[in-house]
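Coordinates in review
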Amino acid sequence: MLKQRILTAVVLAPLALASVIFLPPSAFSVLIALVIMLGAWEWANLSGFEDTVSRIGYVLLTGVACWLVKDMSAYVLLAISVLWWLLAFALVKGYPVSARFCHSRMLRLLMGLLTLIPAWFALSKLKFHDQQGWTIMLVFLLVWAADVGAYFAGKNLGRHKLAERVSPKKTIEGLVGGLLMSLLVAACVGLYADLGFARGLGLLVLSVLVVLVSVLGDLFESMLKRERGIKDSSNLLPGHGGILDRIDSLTAAVPVFTLALIVGGS
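All of the points below concern the structure found in this document. (Residues numbered from 1 in each chain as written. Predicted model: local features only at pLDDT ≥ 70, side-chain atom pairs only at ≥ 80, totals over all residues. Heavy atoms only, no water.)

1. So, the overall build of the chain
Regarding its fold elements, the chain presents nine helices and two strands. At 18 Å, the chain has a C-alpha radius of gyration in line with the 18 Å of a compact globule built from 266 residues. Put simply, the chain has 266 residues, and 48% of those count as buried. Long-range pairs, those at least 24 residues apart, make up 75% of the contacts in the chain with a sequence separation of at least 6. Carbon and sulfur atoms make up 71% of the accessible area of the chain, which totals about 13500 Å². Positive and negative charge centroids in the chain, built from 22 and 15 side chains respectively, lie 4 Å apart. (Helix = DSSP H or I, 4+ residues; strand = E, 2+ residues; numbered from the N terminus. Rg over C-alpha atoms; globule rule 2.2 N^0.38 Å. Buried < 20%, exposed > 50% of the residue type's maximum accessible area, 1.4 Å probe, protein only. Contact = heavy atoms within 4.5 Å. Areas by Shrake-Rupley, 256 points an atom, 1.4 Å probe, with all protein chains shown as cover. Lys, Arg positive; Asp, Glu negative; His and termini not counted. Charge placed at Lys NZ, Arg CZ, Asp CG, Glu CD.)

2. A few points about a nonpolar patch on the surface
A contiguous nonpolar patch, built from Y75, V76, I80 and V263 and spanning about 370 Å² of accessible area, is present on the exposed surface. With respect to the helices and strands, the residue V76 is situated in helix α4 (residues 74–93). Look at V76 and you get partly exposed, because its relative accessible area is 40%. (Patch = residues over 30% accessible without salt bridge, like charges linked within 9 Å, V, L, I, M, F, W, Y side chains within 5 Å. Salt bridge = Lys/Arg side-chain N within 4 Å of Asp/Glu carboxyl O.)

3. What about the pattern of salt bridges?
According to the stated counting rule, one finds six salt bridges in the structure shown. The salt bridge partner of R228 is E50, with a shortest N-O separation of 2.9 Å. Placement of the pair is R228 in helix α8 (residues 196–228) and E50 in the loop between α2 (25–46) and α3 (52–69), with a sequence separation of 178 residues. Among the residues examined, E50 registers a relative accessible area of 56% and is labelled exposed. K225 is the salt-bridge partner of E221, the closest N and O atoms lying 3.9 Å from each other.

4. Things to note about the environment of V148
Relative to the elements of secondary structure, V148 occurs in helix α6 (residues 134–157). For V148 and G178, which are 30 residues apart along the polypeptide, the C-alpha to C-alpha distance reads 6.8 Å.

5. Considering the side chain of E173
As for its placement among the helices and strands, E173 is situated in helix α7 (residues 172–193). There is no salt bridge for the buried E173, and the closest opposite charge comes from R159, which lies 6.7 Å off by N-O distance. At a separation of 2.6 Å, a polar atom in the side chain of E173 contacts the side chain of H160. If we ignore the near neighbours within four places in the chain, the residues touching E173 are A153, L157, G158, R159 and H160. (Polar contact = N/O pair within 3.5 Å; in protein donor to acceptor, adjacent residues only side chain to side chain.)

6. As for the packing of α3 against helix α5 (residues 105–129)
Two numbers describe how α3 lies on α5: the axes approach to 10 Å, and their chain directions differ by 45 degrees. As the angle between them shows, α3 and α5 are arranged oblique. At the point where α3 passes α5, the crossing takes the right-handed sense. Across the interface between the two elements, Y58, L61, T62, A65, C66 and V69 from α3 touch L109, G112, L113, I117, W120 and F121 from α5. Of the residues that constitute the contact of α3 with α5, the class distribution is 10 nonpolar, two polar and no charged. (Axes fitted to C-alpha atoms, helices over the stretch in contact; angles between N-to-C directions. Parallel < 35°, antiparallel > 145°, perpendicular 65-115°, else oblique. Left-handed = near helix turned anticlockwise from the far one by under 90°. Nonpolar A, V, L, I, M, F, W, Y, C, P; charged D, E, K, R; others polar.)

7. Some thoughts on the side chain of S214
Looking at where S214 falls in the secondary structure, it is placed in helix α8. S214 has contacts with V143, S249 and A253, leaving out every residue within four places of it along the chain.

8. Observations regarding empty space enclosed by the protein
Counted by the stated rule, this structure contains one cavity of 30 Å³ or more. Taken as a whole, the largest cavity spans an internal volume of roughly 50 Å³. Considering the residues around the largest cavity, the lining is formed by W43, W85, T115, L116, G217, F220, E221, L244, D248 and T251. Along the lines of polarity and charge, the residues of the lining of the largest cavity split into five nonpolar, three polar and two charged. (1 Å grid on protein atoms, 1.4 Å probe; cavity = no way out; pocket = protein on both sides within 12 Å on 5 of 7 lines; lining within 4 Å. Points joined across faces, edges and corners; volume = space filled by probe spheres on them.)

Below is the structure:
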């Protein structure tokens, strides 16, 4: 499994970074919309819709919704996203009692829209704001570093469960390992960019926030998969599961990261 994860990551990571760096904003937005729509295909199954027609309908609905919100105020849409993730935190923290709020298939579809659309919107805004893609690369690297750090720290040092009822394999040691790895990446970026003390400290604080929210995104999808009785959102990516299994952390982290940058005037 680890070998498959590494091989898939070796292929996907350069492609993702190349699209961030070389694609113009409009093409990048379309590409991300297609990825989000693949995620919507899997989310429909998470919501209990197995038939092809319903899943295609949800994919098309998600694509149309992305187009409809493209000119919406970033403050408004991203603030809605933050409120949604606060609610998602309450659902994860209260599981399994909170599971009763996930029984409705239509409600789970709505949760999918609240998860996927702001992620597309935030990535599109970041690309239009910074066409070279440095800010997108930063949030990607922070989340990926947290994932790698958490995997190895949890595997080798994990003793204390983080959210046993939601995801039994996740540990506090893994969370700490992910935080440290992301902080190391942020520190290297701060030194390389010569941000100075104040901006460098701000980047470290933002990195902690991004990692914590990314873990929430992972846990929330794990909760829905547990309710659905499945291990992975699909088997599209060898060793990684489905699209949602790879972007669940980003769907939570990117909107929060983008709103923080906007509020901070970056």
